[in-house]
Amino acid sequence: MQEEAANSDLSCMIRFYSEKPCQVEQLDRILLSGVYNVRKGKTQLHKWAERSVTLCGTCLIVSSVKDSHVGKMHILPLIGGKVEEMKRRQYTLAFTSAGAQAQTYHISFETLAECQRWHRQASTIVSMRFSMVDLSCYSLEEVPEHLFYSQDITYLNLRHNFMRTSGAGSLDSLCSLQTFWLDGNFLTFLPEEMGNLQQLNCLGLSFNNFCELPAICEKLVTLDKLALAGNLLETLDLTVLNRMSHIKSVDLRLNNLKRATADTLEGNKSVAYMDLRDNQMTDLDLSSLVSLEQLHCERNKLRELTLSGFSLRALYANSNCLTAVNIYPVPGLLTCLELSHNQLQCVPDWACEAKKLEFLDVSYNLLLELPSRILRSLSLRKLMVGHNRLQSLPPLLEHIPLEVLDLQHNLLTKLPETLFVKALNLRYLNASANNLESLPSACTGEESLSMLQLLYLTNNNLTDQCIPVLVGHPNLRVLHLANNNLQTFPASKLSKLEHLEELNLSGNKLKTIPTTVANCKLLHTLIAHSNEISIFPEILHLPRIQFVDLSCNELTEILIPEALPGALQELDLSGNTNLVLEHKTLDIFSHITTLKIDAKPSLTADSALTSAFWSHGVAEMAGQRNKLCVSSLALGSFAEGVEAVYGMFDGDKNEELPRLLQCTMADVLLEEVQQSDTMFMSNTFLVSHRKLGMAGQKLGSSAVLCYIRNEVADPASNFSLMVANVGTCQAVLCRSGKALPLSKVFSLEQCSEEARRVKEQKAIITEDNKVNGVTCCTRMLGCTYLHPWILPKPHVNSIPLTVQDELLLLGNKALWEHLSYAEAVSAVRHLHDPLAAAKKLCTLAQSYGCQDNVGAMVVCLNISEDNCTCEMHSLTLTGPGGFSSTTTKPATPSCSSGIASEFSSELSASEVSSEVGSTASDEHSAVGLDGSLLSRQERRCSLHPVPPPSIFQRQPSSATFSSNQSDNGLDSDDEQPVEGVMTNGSKVEVEVDIHCCKGKGLELEHPAAEYSSSTPRPEDESGLVLIIRRQNSVNSNTVQRGVKEKCELQKSLSTCCLYGKKLSNGSIVPLEESLNLIEVATEAPKKKTGYFAAPSQMEPDDQFVVPPDLEEEVKEQMKQHQEDGADHELKEHAAPLPEEFDTAL
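This one's a predicted model, so the numbers in the text were calculated from it and none came from an experiment.

Focus: the overall build of the protein
Across its full length, the protein carries 21 helices and 49 strands. Put simply, of all contacts in the protein between residues at least 6 apart along the chain, 52% involve residues at least 24 apart. Surface accessibility of the protein: about 54,000 Å² in total, with carbon and sulfur atoms responsible for 50%.

If you want it as structure tokens, here you go:
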């Protein structure tokens, strides 16, 4: 064990199971211990020897004094044995075990008091009679022999051992046994000796290898409960079950049952409870079970179900394909009926006649109408008819005792006019996701008798006219009116809802929240995001306010009291672009547990570049729970390139693991990407699982990770999306308006393969479908103590991104349980703000009945033609005397894409050169600007195929010229100053941009005189145009004319190349080796000149101060400079330059 414990992971497991080592005296089970003289056996053949003796629990442990903890130990069970005093030796006791092969140890004590203390304690243990024995998970291969001598055992638990039929032993000696659990072993049949257990009434044989009902059960005449879940039964033989006339409860979950057969029509009058969940049955006829009271048959493939209604009290048949349910006679005792997630087109007639029916669930079916007899039932308390096709409800003429009514996701345009008048006991109403335009009145006179407390009306067509009706429900505690057409909420109406605790008004067109909200003294949650609220509501005076969400509004300022309410835990002000919080206000908000405000935009080229392709919004809501156990990971700029990572982690009931994964998983992914090209997603999950350490022993978390990768190695692809997940967190891609699931749900209920694997590995699957009663997930990060039933291996999916991809949605289990993929996509597809979209998804889930933690992330994808950076035009490079220009009419790039942009004049030269532009030293400054057109392969993205390869010659696409040998800005090889170069008396930097456009029928014109060249005119009509653009000069507003008219962007930093990568010196250059001048420069001999030795420039925030005596002279020079620029524009007006794609290489 010590050798194996050298492994860090295994030692962690050993410490977890065995806990920390401690002294023997500190153990709770240690009763007495000491070092005494001991002799073994009843005869005097053995000598007396000094030994360590311990009375622990019900056993006497004798071991060596020197190696008492690690040496050989002799264990003597005392139950049923005896303790006697030896007359021949003073202060000596004889300890004898029970059984035919009993052993005896003689122990000599030093004092009489010590001997009496040991005798008194041992006598108590010997006389004990245990009725319950738990030997589960002891790796037993046979029943311990000493159990056969215990006549008083009534409860024996041998779960999760390695027992087979041959190791059963003499079980007939346990004549008093009443409960016997043998779950999780390798039994295929039961021995005949078990037939003698005439008092046995409960037998557990789940998760063994039985292929049929054990015949021995016919002899167990007192047996009334038989558990055979998780075995290999394929046929339910009702004939054999009829012969077991004493059995009342049968558990056959998680088998391979496909049919039920009966040779005779004889009825079974004993079976009252049957569980057939998670099998493969298509048709089920149990009409012969005339005493059946409760049936579970969820998650089968049933199309038709036939039962006897004589004794039926509860029927659970959810998640099947039922089109008909036949019960005869009418079940007069039926109280609960669940038929959701089926294909019923009408409610069965017998259900309308059930006089004691209290709960009816027919949601997620194909119902077109609801029978009036159901709604008028005098016994029905809870009615669930959501997710059907109901267009109207029958009118109510009499008072009904209905308390809960769920009508969400139907086609209702109105509710019955007398609903609130006749259903006076109604406390819960959910009519979300309908087409409601008005609400019925709650009272006929002056006083309302309504008891309604929870009202959900989200996602309807309600207007301001419905607000006065709400006053008729003075007991309202929860009110959801999100995503309607509300423009105002009258102050006088809100003041009358004094018992209101939760108010959701998000997704409307409200300008303000009434000041009378201060009258709602019990209000603890206010959600009003995605409105047009400009004035902060007066809610910080409420004593119980805990959660306030005013994100995505038009707030400009906040008026806060001197002291905030002590109960305030979360304040969300994100998405208010015009809101500016002073330092004093932030100090007041500092004690709030969670404060969400917009961070200042990052002034980096990577952030500006990636924002053109994707943007994200995250929403997390705790719901009815006190803590938030969901965390999100969102990195729009990842790995120093045009890549992104998004993830969501759900710890169910723990918040520690999601926080750890949120902080570490991105770093692990970055390391694995650098080490592996294929298995990095799986390795990321496995390494993250290992790094959880002790925290991941008993805790677990679901996780989904999405990695948008720039496929550099594949020239035919631009971006690919890789998704990996474990547990119940899922990712969905919106492609052409349709939902495309990218992940797999690893749970016992939704993944049959995982359920089969867990069952074969002998896990304990409880009746609520949880592994060992802990979690329904079969793959998670953490929960190491449940290995190998729960694994950290993820499901990995990879898909290339295309122009049709619009959104990427991430959510936890609670979100997808209440929203379908299609509904989630359609709900947020039209929204341009990803934060508002994520908020809307969470709001919808809560309004549809979610009370747990819910998290949603929306990533807006913009992989479109506007973001294409293909070099689809040729480059014309002329001699050093000038540059050729081409007149064309290309497509204008999107200004929001970040490709065509302009630098702000506030940026210094050092900042610009470090963020964008490729660089070269002095010795490379003039290379490549001589000669005529040099052909090379065009760079293409995934939006355009790669043309056949052509002849390639190296040439510089852009360069930064610098010189430390002249003071006028001239290069050492130039004779004339370059247009657009501003000199400062030291070094000069010129940014050269390539603008590539593709067109047909290009007409080449002769360049202007000042740009004349001796280079012959190329014969090909398509060419590459090299344009020098002055981006870094003092007069930065003087830009190329064609671009300034259509694609002018103010103060943008996103002029770096789309397919560029940032090198160690801060430059961003294309990835092609042919254009990678910076790599060529790094390989060149180093010298302390050129660009890399440029002195530091003035900071952007510094101001240029002109002395008073030089103001007039400076003004005259600036005026002269502007006039020269205007004359220069007039000269070139005849030869307009083409529109350009500013890639700022």
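That was the structure; now back to the text.
Some remarks on unusual backbone geometry
Residue proline 329 is reached from tyrosine 328 by a cis peptide bond, and omega for that bond is -5°. Its location among the elements puts proline 329 in the loop between strand E21 (324-328) and strand E22 (336-338). For the bond running from histidine 787 to proline 788, omega is 10°, close enough to zero to count as cis.

Regarding the environment of cysteine 175
Mapping cysteine 175 onto the fold places it in the loop between strand E9 (155-157) and strand E10 (179-181). Classification of cysteine 175 by relative accessible area gives partly exposed; the value is 38%. Here the alpha-carbon distance between cysteine 175 and leucine 197, two residues 22 residues apart in the chain, equals 5.6 Å. Leave out the neighbours within four places in its chain, and cysteine 175 touches Gln151 and Gln199.

Focus: a negative patch on the surface
On the surface, Glu1111, Glu1112, Glu1113 and Glu1116 cluster together into a negatively charged patch. Its relative accessible area of 44% is what places glutamate 1113 among the partly exposed residues.

Digging into the pattern of salt bridges
Between side chains of opposite charge, a pair can form when the charged atoms approach closely. Summed over all chains, the structure comprises 22 salt bridges. For aspartate 275, the salt bridge is made with arginine 253, and the minimal N-O distance between the two is 3.9 Å. With a gap of 22 residues between them, aspartate 275 in strand E16 (residues 273-275) and arginine 253 in the loop between strand E14 (249-251) and strand E15 (259-261) connect regions that are remote in the sequence. In this structure, the salt-bridge partner of lysine 839 is aspartate 572, at a minimum N-O distance of 2.3 Å. With lysine 839 in helix H17 (residues 834-847) and aspartate 572 in strand E32 (residues 570-572), this pair connects stretches of sequence that are 267 residues apart. With respect to class, lysine 839 is no different from aspartate 572; both count as buried. Beyond isolated ion pairs, a larger network of salt bridges with shared partners links Asp251, Arg253, Asp275 and Arg277.

A closer look at the side chain of asparagine 342
The residue asparagine 342 is located in the loop between E22 and helix H4 (349-352) in this model. Taking relative accessible area as the criterion, asparagine 342 reaches 6% and is therefore assigned buried. Reaching out from asparagine 342, the side chain makes a polar contact with the backbone oxygen of leucine 339 at a distance of 3.0 Å. Leaving out residues up to four positions away in the same chain, asparagine 342 has contacts with Ala317, Asn318, Ser319, Asn320, Cys321, Leu322, Tyr364 and Asn365.

Overview of the sheet that holds strand E2 (residues 49-56)
Spatial strand order, E4-E3-E2-E1-E7-E6-E5: 7 strands in an open sheet with antiparallel pairing. Whereas interior strands pair on both sides, the edge strands pair on one side only; in this sheet they are strand E4 (73-77) and strand E5 (82-85). Averaged over all adjacent pairs, the angle separating strand axes in this sheet is 35°, with direction ignored. Strand direction decides the pairing type here: strand E1 (residues 30-40) and E2, joined by 8 bridges, are antiparallel. Each bridged residue has a counterpart across the sheet, and for isoleucine 30 the counterpart in E2 is cysteine 56. On the sheet, helix H2 (residues 112-126) packs against E1, E2, strand E3 (59-63), E5 and strand E6 (92-96) and is oriented at approximately 105° with respect to E1.

Section: the packing of helix H16 (residues 821-828) against H17
Two elements in contact, H16 and H17, have axes whose closest approach is 9 Å; the angle formed by their N-to-C orientations is 135°. The angle between H16 and H17 falls in the class oblique. The interaxial crossing formed by H16 with H17 has right-handed handedness. Contacts between H16 and H17 pair Ala824, Ala827 and Val828 from the former with Ala837, Lys840, Leu841 and Leu844 from the latter. Of the residues in the contact of H16 with H17, the class split is 6 nonpolar, no polar and 1 charged.

Thoughts on the packing of aromatic side chains
The geometry of two aromatic rings is summed up by the distance between their centres and the angle between their planes. In this structure the tally under the stated criterion is 11 aromatic pairs. Aromatic pair tyrosine 428 and tyrosine 456: ring centres 5.7 Å apart, planes at 50°, arrangement tilted. With a gap of 28 residues between them, tyrosine 428 in strand E26 (residues 428-430) and tyrosine 456 in strand E27 (residues 454-456) connect regions that are remote in the sequence. On the basis of relative accessibility, which here comes to 7%, the residue tyrosine 456 falls in the buried class. An angle of 80° between the planes, with centres 5.7 Å apart, marks the rings of phenylalanine 638 and tyrosine 707 as edge-to-face. One end of the pair, phenylalanine 638, is in the loop between strand E35 (630-635) and strand E36 (644-650); the other, tyrosine 707, is in strand E37 (residues 700-710), and 69 residues separate them in sequence. On the accessibility criterion, phenylalanine 638 (4% relative accessible area) is buried. Residue tyrosine 707 is classed as buried on the basis of its relative accessible area, which comes to 1%. Ring-pair connections join several aromatic residues into one group, and the members of that group are Tyr36, Phe109 and Trp118. Here the basic side chain of arginine 159 rests over the ring of tryptophan 181, its NZ or CZ set 4.4 Å away from the ring centre.

A word on helix H12 (residues 680-691)
In an α-helix there are 3.6 residues to a turn, and that puts residues three or four apart on one side. Helix length check: H12 (12 residues) gives 16 Å between terminal C-alpha atoms against 16 Å at 1.5 Å per residue, within 8%. Among the residues making up H12, those that are buried are Phe680, Met681, Ser682, Thr684, Phe685, Val687, Ser688 and His689. Contacts made by the buried residues of H12 are with helix H11 (656-675), E37, strand E38 (719-726), strand E41 (781-782) and strand E42 (795-800). Positive phi appears at glycine 693, one or two residues downstream of H12, with a value of about 60°.

Brief notes about the sheet that holds strand E34 (residues 614-621)
An order of E34-E44-E43-E39-E40 is seen for the 5 strands of this open sheet, with the pairing classed as antiparallel. The open sheet has two free edges, formed respectively by E34 and strand E40 (738-741), since each of these has just one partner strand. Direction aside, neighbouring strands of the sheet carry axes that sit 20° apart on average. As paired elements, strand E39 (residues 730-735) and strand E43 (residues 805-811) share 6 bridges and run antiparallel to each other. Bridge pairing links arginine 735 to aspartate 805 in E43. Across the sheet, H17 touches E34, E43 and strand E44 (854-861), and the angle it forms with E34 is around 30°.

Some remarks on the side chain of lysine 839
Using a relative accessible area of 2% as the deciding quantity, one classes lysine 839 as buried. Apart from the residues within four sequence positions on either side, lysine 839 is in contact with His529, Asp549, Ser551, Asp572, Ala619 and Met621.

Let's talk about the packing of H11 against H12
The N-to-C vectors of H11 and H12 enclose an angle of 135°; their axes lie 9 Å apart at closest approach. Classed by the angle they form, the pair H11 and H12 counts as oblique. Judged by the twist between their axes, the crossing of H11 over H12 is right-handed. Every residue of H12 that contacts H11 at Leu661, Met665, Val668, Leu669, Glu671, Glu672 and Val673 is listed here: Phe680, Met681, Asn683, Thr684, Phe685, Val687, Ser688 and Lys691. Tallied by class, the residues present in the contact of H11 with H12 amount to 9 nonpolar, 3 polar and 3 charged.

Some remarks on the nonpolar core
General note: in soluble globular proteins, nonpolar side chains tend to be found buried as a group. Within the largest apolar cluster, 138 residues are counted, with the highest numbers of intra-cluster contacts made by Leu203 and Met274. Other than its neighbours up to four places away in sequence, methionine 274 contacts Leu236, Leu241, Val250, Leu286, Leu289, Leu292, Gln294, Leu295 and His296.

Points about the confidence of the model for the protein
Residues at a pLDDT of 70 or more form 72% of the protein, whose mean pLDDT is 78. Long-range and interchain partners of residues 871-937, a stretch whose pLDDT sits below 50, account for 232 contacts in this model, where long-range means more than four residues apart. Overall, residues 1133-1145 carries pLDDT values under 50, and its contacts beyond four positions in sequence, including any with other chains, amount to 55 contacts.

Examining the environment of leucine 705
One can find leucine 705 in strand E37. For the pair leucine 705 and glycine 647, spaced 58 residues apart in sequence, the C-alpha separation works out to 4.3 Å. Once residues lying within four places of it in the same chain are set aside, the contact partners of leucine 705 are Leu633, Val645, Tyr646, Gly647, Met665, Leu669, Met681, Thr684, Phe685, Met722, Val723 and Ala724.

Cut-off values and rules
- Residues numbered from 1 in each chain as written.
- Predicted model: local features only at pLDDT ≥ 70, side-chain atom pairs only at ≥ 80, totals over all residues.
- Heavy atoms only, no water.
- Helix = DSSP H or I, 4+ residues; strand = E, 2+ residues; numbered from the N terminus.
- Contact = heavy atoms within 4.5 Å.
- Areas by Shrake-Rupley, 256 points an atom, 1.4 Å probe, with all protein chains shown as cover.
- Buried < 20%, exposed > 50% of the residue type's maximum accessible area, 1.4 Å probe, protein only.
- Patch = residues over 30% accessible without salt bridge, like charges linked within 9 Å, V, L, I, M, F, W, Y side chains within 5 Å.
- Salt bridge = Lys/Arg side-chain N within 4 Å of Asp/Glu carboxyl O.
- Lys, Arg positive; Asp, Glu negative; His and termini not counted.
- Charge placed at Lys NZ, Arg CZ, Asp CG, Glu CD.
- Polar contact = N/O pair within 3.5 Å; in protein donor to acceptor, adjacent residues only side chain to side chain.
- Pairing = 2+ DSSP bridges.
- Axes fitted to C-alpha atoms, helices over the stretch in contact; angles between N-to-C directions.
- Parallel < 35°, antiparallel > 145°, perpendicular 65-115°, else oblique.
- Left-handed = near helix turned anticlockwise from the far one by under 90°.
- Nonpolar A, V, L, I, M, F, W, Y, C, P; charged D, E, K, R; others polar.
- Phe/Tyr/Trp six-rings, centres within 6.5 Å; stacked < 30°, edge-to-face > 60°.
- Lys NZ or Arg CZ within 6 Å of the ring centre and 35° of its normal.
- Expected span 1.5 Å × (residues − 1).
- Core = buried A, V, L, I, M, F, W, Y, C linked by side-chain atoms within 4.5 Å.
- pLDDT = per-residue confidence, 0-100.

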